[in-house]
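Listed below are the residues making up each chain.
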Amino acid sequence: MVTDGCGSDILAAVVDDWFVSSGRLPGKAALRRALGDAHEQFRHDGTGSVSNVYPALAQADPAAFGLCVADVAGDVVEVGESRVPFTLMSVAKPFVLALVCREVGMGAVRALVGVNATGLPFNAVEAVERSPRGRTNPMVNPGAIATTSLVPGASSSQRWAFILEGLGQFAGHALGVDQITLDSALGSNHRNRALANLLKSLNAVAGDPAEAVDLYTHQSCVSITAADLAVMAATLADGGVNPVTGHRVVDAETSHDVLGVMAIAGMYETSGDWLLDVGMPAKSGISGGIVSVSPGKGALATFSPLLDGTGNSVRGQLATQVLARRLGLDVLASQPAQAATGSPAASPTVAVRAPHSG
């Protein structure tokens, strides 16, 4: 289906046979070795600094480093500090987008929020001002606030219950809020409030902008672990079905659309570099989490609070780049098919690139 960029259909085609990405991850033993090797390779890298966007985030342990892979069969393999709680922050954005799309459709989100990359920092005012309609994308702060404004419910409490329950469905169990971080964020989120008011002046947010910011701040402060995050993202890899619980959270088309938006802008202004170097839809957060998705296979979640200048985890980027190729997660990678003689093609040599700072 082709659209005009605002959700209206231009062309629809009936497809008799539907083919999707396929393949499998290595077995659990191979996964554990690969994760262990990546953890050992990068755990001593002290590059970067913890976030000070909210005062509570500055208290994070800079040595923490966890890795977890969840596949579509429901297997979960993890190393390091994969069970250390941290707040979702911006990693909540794709999952809330999925929940909103489940209720109102991607067309409504595209019309209000937009989906194209801004090429600017995640909280840039310029991204809103340079668009006549204030449209950005759901992976940056103004677009995410606008997305959250579309959450259904007759009251703020009902809308928050919708978000929290939905995030728990992605994780496979009930989730809670880190109250210390929430209090810290609510007392210092002045820029997000300003962004929401600017959006309202352009009719680019639904309802009360203050309520939208409050809900957005709450969803950002939901407490999870790298293991939780891997299962959440593996749900998107599995066409919207949680591979651990078997519960369908969203439909396959919504999963496809969310992964597309993640590929476009999930790593902010370095999203192009990320797609080139890693080849996976991904989302990062300033608490140190990064989640990457390989459709039809599974997901990789990393946690390390040391961030580069664009707000992305340094160790997480390095580990993901290595593991994307080693585990066959890179959706852009291929090699020549088996030669006519029956001898397999040689494996490619892959160079690891340093994370780009823009």
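Residues numbered from 1 in each chain as written. Predicted model: local features only at pLDDT ≥ 70, side-chain atom pairs only at ≥ 80, totals over all residues. Heavy atoms only, no water.

A. Structural view of helix H11 (residues 252-265). A rise of 1.5 Å per residue sets the reference length of H11, with its 14 residues, at 20 Å; its end C-alpha atoms lie 20 Å apart and thus fit the reference within 8%. Within H11, burial applies to Thr254, Ser255, Val258, Leu259, Val261, Met262 and Ala265. The arc that holds every buried residue of H11, seen down its axis, measures 160°, which confines them to one face. Structurally, H11 contributes buried residues whose contacts are with helix H2 (92-104), helix H3 (106-112), helix H10 (226-237), helix H12 (271-277), strand E8 (282-284) and strand E9 (289-294). Near the N-terminus of H11, the side chain that reaches the backbone nitrogen of glutamate 253, with its oxygen 3.0 Å away, is that of aspartate 251. (Helix = DSSP H or I, 4+ residues; strand = E, 2+ residues; numbered from the N terminus. Expected span 1.5 Å × (residues − 1). Buried < 20%, exposed > 50% of the residue type's maximum accessible area, 1.4 Å probe, protein only. Arc of directions from axis to C-beta. Contact = heavy atoms within 4.5 Å. Polar contact = N/O pair within 3.5 Å; in protein donor to acceptor, adjacent residues only side chain to side chain.)

B. Examining the side chain of serine 287 more closely. On the secondary structure map, serine 287 appears in the loop between E8 and E9. At 2.5 Å, the side chain of serine 287 forms a polar contact with the backbone oxygen of threonine 87. Sequence-distant contacts of serine 287, that is, excluding residues within four places in its chain, are made with Leu57, Phe86, Thr87, Leu88, Met89, Phe303 and Pro305.

C. Representation of the pattern of salt bridges within the structure. On inspection of all chains with the given rule, the structure shows six salt bridges. Taking the shortest distance from any N to any O, the salt bridge between glutamate 40 and arginine 43 comes out at 2.8 Å. (Salt bridge = Lys/Arg side-chain N within 4 Å of Asp/Glu carboxyl O.)

D. View of the side chain of threonine 118. Structurally, threonine 118 can be placed in the loop between H3 and helix H4 (126-129). Accessibility expressed as a relative area gives 12% for threonine 118, which makes it buried. Of the polar contacts made by the side chain of threonine 118, one reaches the backbone nitrogen of leucine 120; its length is 3.1 Å. Leaving out residues up to four positions away in the same chain, threonine 118 has contacts with Ala127, Arg130, Thr136, Asn137 and Val140.

E. Focus on the nonpolar core. Counting 66 residues, the largest nonpolar core has Phe95, Leu167, Phe170 and Leu229 as its most contacted members. If you tally residues by element for this core, the top one is H10, at 10 residues. Aside from chain neighbours lying at most four places away, what touches leucine 167 is Leu88, Phe95, Val96, Leu99, Leu175, Val222 and Met232. (Core = buried A, V, L, I, M, F, W, Y, C linked by side-chain atoms within 4.5 Å.)

F. Structural context of the sheet that holds E8. Taken together, five strands build an open sheet; the order of strands is E4-E3-E10-E9-E8 and the sheet is antiparallel. The open sheet terminates on both sides in strands that have one partner only, identified here as strand E4 (76-80) and E8. Put simply, the sheet's adjacent strands are angled 10° from each other on average, direction ignored. In the sheet, E8 pairs with E9 via three bridges, with the strands oriented antiparallel. By the bridge assignment, lysine 283 is partnered in E9 with valine 291. (Pairing = 2+ DSSP bridges. Axes fitted to C-alpha atoms, helices over the stretch in contact; angles between N-to-C directions.)

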